[in-house]
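What follows is the residue order along each chain.
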Amino acid sequence: MRAERPRVDGADEFTVGTGFHRALDDGRIECTVCPRACRLREGQRGLCFVRARAGDQIVLTSYGRSSGFCVDPIEKKPLGHFLPGTPVLSFGTAGCNLGCRFCQNWDISKSREIDTLASAASPEALVVEAKRLGCKSIAFTYNDPTVFLEYAADCADAAREAGLKAVAVSAGYINAEARDELYAHMDAANIDLKAFTEEFYKKIAFASLGTVLETLEYLVHETEVWTEITTLLIPGHNDSDAEIAAECAWIAEHLGPDVPLHFTAFHPDFKMRDVPPTPPSTLRRARRIAIEAGLRYVYAGNVHDTANQTTYCPGCGEALVVRDWYRIDRYALSDSGQCSFCGANIPGVYDGQAGDWGPKRQPIRLAGTSH
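These numbers come from a predicted model, not from an experiment. Residue positions are counted from 1 within each chain, in the order its sequence is given. Confidence filtering applies because this is a predicted model: local features only for residues at pLDDT of at least 70, side-chain atom pairs given and counted only at 80 or more, and all residues used for totals across whole chains, interfaces and linings. In computing side-chain values, all of the structure's heavy atoms are included and hydrogens and water are not.

*Asks:* So what exactly am I meant to see when it comes to the overall build of the protein chain here?
*Replies:* Under the DSSP-based scheme used, a helix requires at least four consecutive residues in state H or I and a strand at least two consecutive residues in state E, with every element numbered from the N terminus. A count of helices and strands for the protein chain gives eight helices and 20 strands. With the radius of gyration taken over C-alpha atoms, the globule rule is written as 2.2 Å times the number of residues to the power 0.38. A compact globule built from 371 residues should have a C-alpha radius of gyration of about 21 Å, and the protein chain, at 20 Å, falls within 12% of that. Dimensions of the protein chain, computed from C-alpha atoms along their principal axes, come out at roughly 65 × 45 × 35 Å. When each of the 371 residues of the protein chain is scored for burial, the buried share is 58%. Note on definitions: a residue-residue contact is assigned when non-hydrogen atoms from the two residues lie within 4.5 Å. Within the protein chain, contacts between residues at least 6 apart in sequence are counted, and of these 66% link residues at least 24 apart. In these tables, accessible area is a Shrake-Rupley quantity obtained with a 1.4 Å probe, and a residue counts as shielded only by the protein chains included in the view. As displayed, the protein chain offers around 14,700 Å² of accessible surface, 49% of which is attributable to carbon and sulfur atoms. When charges are tallied, Lys and Arg are placed among the positive residues and Asp and Glu among the negative ones, while His and the ends of the chain are skipped. Here the site of a charge means NZ on Lys, CZ on Arg, CG on Asp, or CD on Glu. Of note, the protein chain has its 39 positive side-chain charges centred 4 Å away from the centre of its 49 negative side-chain charges. Exposed residues in this analysis have more than 50% of their type's maximum accessible area, buried residues have under 20%, and partly exposed residues fall in between, with area computed by a 1.4 Å probe over protein chains only.

If you want it as structure tokens, here you go:
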């Protein structure tokens, strides 16, 4: 059974203590979850909004609360090599520890209103609902589980106890100690590699590229967490041939050729509404560059492009998993992920044949309390 999170005197039922903080000589308390290192006086909140100072500690104020629950196809995370075709119970909270000007989920991640957290559920209630709906996994997404890692970890543990998997969709901007804690509970992750220059991260995401690269190397080489990468290509900002080639070369050298890479299309949103949508030709160009760099599993996302969303066997070249966005139209893998034509192993996490959830998206409402 999971340990009960420490309650905070005088706080509501959604506030719990955390272990990620340290006292400073000037009386402030520093949050140590991410490199942001917010240094807070009594009553102040960090940039993420959901972590705050109460007394001599940093607390999480959104434990057991969500901005909404939805059953998605696992391919929407996106994960192409993890339990293909299956439904995943997806949810997030509020707040984020980055400041991306192009955020596609800004109404959730940039929320400063606790009313955004309209749904409540304990980890156990989430798992009961996931099982009832036929989900194979639970995903922490929409905003970054880094900022609600205690809730995510407890939900992941409850999921594992019930035979379900846990998935983190994250920007990877996290300190080593918190990273070890979060990913010890996860089975899969999609890391959002937002660009491949420090300038982009500094000016547009208000973070650092180096930290994200460290997270990727950690996940691939030091854990059993199945890892895929997503890069949202933004016209004029991170879509040059040179930058894409540099990213792909780094992935090939530091992570290996079998880590799936998803190039996805930007649409104008938040503070970058003056930037045009990504044309499909950009995604195709990026995929060609990645293949030339030696990457074996590269996909175009947020568009209808079957040829560039299909998994091809690196051994015989056959089309093994033919996709149209989130729908699987052909599946030619064995129950454990071997090519049906030549027997080559296709890296990933498989559990029998692909599911038939398809592109459906099913919002749900859970009734319950946090603990």
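Following the structure, the description resumes.
*Asks:* Sorry, what's going on with the pattern of salt bridges here?
*Replies:* Between side chains of opposite charge, a pair can form when the charged atoms approach closely. We define a salt bridge as a side-chain nitrogen of Lys or Arg found within 4 Å of a carboxyl oxygen belonging to Asp or Glu. Applying the stated criterion across every chain, the model contains 15 salt bridges. Between K77 and D72 there is a salt bridge whose closest N-O contact spans 3.0 Å. Ionic pairing is found between R327 and D329, a salt bridge with its closest N-O pair at 2.7 Å. A residue is classified by how much of its surface remains accessible, and D329, at 44% relative accessible area, is partly exposed. Via salt bridges that share partners, R22, E30 and R39 belong to a single interconnected network.

*Asks:* Looking at this structure, I do not really get the sheet that holds strand β4 (residues 39-40). What am I missing?
*Replies:* Each strand in a sheet pairs with another by means of backbone hydrogen bonds, the pair being arranged parallel or else antiparallel. What makes two strands pair is DSSP finding at least two bridges between them. Judged by pairing direction, the sheet is antiparallel, and its three strands sit side by side in the order β2-β3-β4 without closing on themselves. Across the chains shown, the open sheet's two edge strands, defined by having one partner strand only, are β2 (21-23) and β4. Across three bridges, the pairing between β2 and strand β3 (residues 29-31) is antiparallel. For A23, the partnering residue across the bridge sits in β3 and is I29.

*Asks:* Please clarify how the packing of helix α7 (residues 241-254) against helix α8 (residues 280-292) should be interpreted in this entry.
*Replies:* Each pair of packed helices can be summarised by the angle the axes make with each other and by the distance between the axes. Relative to each other, α7 and α8 sit at 40°, their axes nearing to 9 Å. Accordingly, the angle class assigned to the pair α7 and α8 is oblique. For the crossing formed where α7 meets α8, the hand is right-handed. Contact with α7, carried on its side by D241, I244, A245 and C248, involves R285, A286, I289 and A290 of α8 and no other residues of that element. Of the residues belonging to the contact of α7 with α8, the class tally is six nonpolar, no polar and two charged. Angles here are taken between N-to-C directions and fall from 0 to 180 degrees, while the axes themselves are lines fitted to C-alpha atoms, restricted in helices to the stretch in contact. Working rule for angles: under 35 degrees goes down as roughly parallel, over 145 as roughly antiparallel, 65 to 115 as roughly perpendicular, anything else as oblique. Rotating anticlockwise by less than a right angle from the far helix to the near helix defines a left-handed crossing, while the corresponding clockwise rotation defines a right-handed one. When residues are sorted by character, Ala, Val, Leu, Ile, Met, Phe, Trp, Tyr, Cys and Pro go into the nonpolar class, Asp, Glu, Lys and Arg into the charged class, and all the rest, Gly among them, into the polar class.

*Asks:* I would appreciate a short explanation of the pairing of strand β14 (residues 226-233) in the present structure.
*Replies:* Where a strand is regular, its side chains alternate between the two sheet faces. Counted residue by residue, β14 has eight buried out of eight residues, so it is predominantly covered. Here strand β13 (residues 188-192) pairs with β14 via five bridges, running parallel. Pairing of D192 across the sheet is with T230, part of β14. As judged from the five bridges shared by β14 and strand β15 (residues 261-265), these two strands associate in the parallel manner. Following the sheet pairing, T230 is matched in β15 by H262. Note on handedness: a crossover is taken as right-handed if, strands pointing away from the viewer, the path from the first strand over the helix to the second is clockwise. In this fold, β14 hands off to α7, which returns the chain to β15; that crossover is right-handed.

*Asks:* Just checking my understanding: could you explain the pairing of strand β8 (residues 68-73) for this structure?
*Replies:* Counted residue by residue, β8 has six buried out of six residues, so it is predominantly covered. Of the two faces of β8, the one lined by G68, C70 and D72 and the one lined by F69, V71 and P73 are each fully buried. When β8 meets strand β9 (residues 87-92), the two strands line up antiparallel, connected through six bridges. Looking at β9, one finds that G68 is bridged to G92. In terms of strand pairing, β8 meets strand β20 (residues 362-364) through three bridges, oriented antiparallel. Residue pairing across strands places F69 opposite I364, the latter belonging to β20.

*Asks:* For this particular structure, what's the right way to read the nonpolar core?
*Replies:* Side chains that are nonpolar tend, in soluble globular proteins, to be buried together. What is meant by a nonpolar core is a set of buried Ala, Val, Leu, Ile, Met, Phe, Trp, Tyr and Cys residues, joined one to another through side-chain atoms within 4.5 Å. Judged by nonpolar contacts, the single largest core of 94 residues is most densely connected at F140, Y183, M186 and F263. Broken down by element, the residue count for this core peaks at seven residues, all from helix α3 (residues 149-161). The contacts of M186, once residues within four sequence positions are left out, are F140, A152, A156, R160, A166, V167, A168 and V225.

*Asks:* Is there a simple way to explain the packing of helix α2 (residues 123-132) against α3 in this structure?
*Replies:* Between α2 and α3, the shortest axis-to-axis distance is 8 Å and the interhelical angle comes to 50°. In terms of orientation, α2 and α3 fall into the oblique class. Of the two elements, α2 crosses α3, and the hand of that crossing is right-handed. Two secondary-structure elements touch here, α2 through P123, E124, L126 and V127 and α3 through Y151, D154, C155, A158 and A159. Tallied by class, the residues present in the contact of α2 with α3 amount to seven nonpolar, no polar and two charged.

*Asks:* Help me understand the confidence of the model for the protein chain in this model?
*Replies:* Detailed conclusions should not be drawn from predicted coordinates in areas where pLDDT is low. For every residue, the predictor assigns a confidence score, pLDDT, that lies between 0 and 100. A residue-level look at the protein chain finds 92% of positions with pLDDT of 70 or above and a mean pLDDT of 91. Residue range residues 108-117 is modelled with pLDDT below 50. Its contacts to residues more than four positions away, or to other chains, number 34 contacts.

*Asks:* Please clarify how helix α6 (residues 209-222) should be interpreted in this entry.
*Replies:* In an α-helix, one turn spans 3.6 residues, which is why side chains three or four residues apart end up on the same side. A rise of 1.5 Å per residue sets the reference length of α6, with its 14 residues, at 20 Å; its end C-alpha atoms lie 19 Å apart and thus fit the reference within 8%. Buried within α6 are the following residues: L209, T211, V212, L213, T215, L216, Y218 and L219. At its buried positions, α6 is contacted by α4 (176-183), β13, α5 (198-205), β14 and α7. The span you would expect from a helix comes to 1.5 Å times its residue count less one.

*Asks:* Help me understand the environment of D9, please; the structure alone is not making it clear to me.
*Replies:* Relative to the helices and strands, D9 is located in the segment before β1 (16-17). Residue D9 is classed as exposed on the basis of its relative accessible area of 80%.

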